[in-house]
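Summary of structural features
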Amino acid sequence: AQSVAQPEDQVNVAEGNPLTVKCTYSVSGNPYLFWYVQYPNRGLQFLLKYITGDNLVKGSYGFEAEFNKSQTSFHLKKPSALVSDSALYFCAVRERESNYQLIWGAGTKLIIKP
Amino acid sequence: EAGVTQFPSHSVIEKGQTVTLRCDPISGHDNLYWYRRVMGKEIKFLLHFVKESKQDESGMPNNRFLAERTGGTYSTLKVQPAELEDSGVYFCASSTTSGSFDTQYFGPGTRLTVL
C-alpha cells in the first residue's frame, strides 16, 4: 500500500540550530515529492517540491530538502532555525504516472525554542 | 493574485443536519481538489475536478458526500446527513496545469464539527 511516514510527531530545536524533519515514502515508481507547512490557524502553504534533477531542492523561507532514492526519503532541512519556523509540517507524494491525488504523512510539529 | 478561498471557516452542526462547504480556486485554475483531515490523522484525498468534470472521486467516503463544480469555477461539498465521524478540517486546493508535476495550492480550510 502507498504510504508516507513522518516518524516524529514533534521535533524540538533551539533557535539558531540546524533542523531536520524526516519523511520516508513507500510509493511505486518515482513519485513527485512535496513539503507543505501549516502555521497556526492558517491553511497549508507550499514549501518546495522535487520533480527531477538535483537531489537537493531549495524552497521558501530558507528551507531545503534532500531526495534520497535508495532510502526513499525526502527530509526537510534548514541550516539555522527561527522561532517563526514553529509550525506543522507535512510531507506529501504523488505518483508520476497516476492521478493527481497527494498521499500525505501525518505531520510533524516543529517547535523552535528561543 | 487572490489565493484559494473557502467558506465558512468554521461550521458547527448537529448530527443529521446538512452542511455545504464552498471553495473558490485561484482564477484560471482548471484543477480543483478536496481533501480532509480527520481528528489529527493524515490528510486524505476526496476528489479531483478538471473544470466541471469529476476526474477522480475515489476518495469520497460514501454517498452522503456530494461535490459539484458548476461552470468550472467554484465548487461546493455537501454533507447530508452529517455524522459525528465527518468532523475534521476540509481543505480545498487548485492547480493550473494538467501536467503531472503541478503544484496544488491550498485554501485555509473549513473546520467542521458535528455534535
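Structure report, in brief. (Residues numbered from 1 in each chain as written. Chains lettered and ligands numbered in written order. Predicted model: local features only at pLDDT ≥ 70, side-chain atom pairs only at ≥ 80, totals over all residues. Heavy atoms only, no water.)

1. Comments concerning the pairing of strand 9 (residues 88-95) of chain B
Residue and element names in this part refer to chain B. The criterion, for reference: When a residue's accessible area, from a 1.4 Å probe over protein chains only, is under 20% of the maximum for its type it is buried; when over 50% it is exposed; and in between it is partly exposed. Helix and strand assignments come from DSSP, with helices taken as H or I runs of at least 4 residues and strands as E runs of at least 2, each series counted from the N terminus. Strand pairing is assigned whenever DSSP identifies at least 2 bridges connecting the two strands.
Buried residues dominate strand 9, accounting for 8 of its 8 residues. Note: strand 4 (residues 31-37) against strand 9, 7 bridges, orientation antiparallel. In the strand pairing of strand 9, R37 is matched with V89. Sheet analysis places strand 9 next to strand 11 (residues 110-114), joined by 3 bridges and oriented antiparallel. Pairing of Y90 across the sheet is with T110, part of strand 11. As defined by bridge partners, strand 9 adjoins strand 10 (residues 105-106) across 2 bridges and the pair is classed as antiparallel. The partner of A93 across the bridge, within strand 10, is F106.

2. Notes on the interface of chain B and chain A
Here is the rule we go by: In what follows, a contact means two residues having at least one pair of non-hydrogen atoms within 4.5 Å. Two N or O atoms form a polar contact when they lie within 3.5 Å of each other; inside protein one atom must be a possible hydrogen donor and the other a possible acceptor, and for residues adjacent in sequence the pair counts only when both atoms belong to side chains. Ten residue types, Ala, Val, Leu, Ile, Met, Phe, Trp, Tyr, Cys and Pro, are classed as nonpolar, four, Asp, Glu, Lys and Arg, as charged, and the remainder, Gly among them, as polar.
At the junction of the two partners, chain B supplies 21 residues and chain A supplies 21 residues. For the interface between chain B and chain A, the tally reads 7 residue pairs in polar contact (both at pLDDT 80 or more). For the side of chain B that touches chain A, the secondary structure elements donating two or more residues are strand 4 and strand 5 (43-50) of chain B. Here the residues of the side of chain B that touches chain A are counted per class, giving 8 nonpolar, 9 polar and 4 charged.

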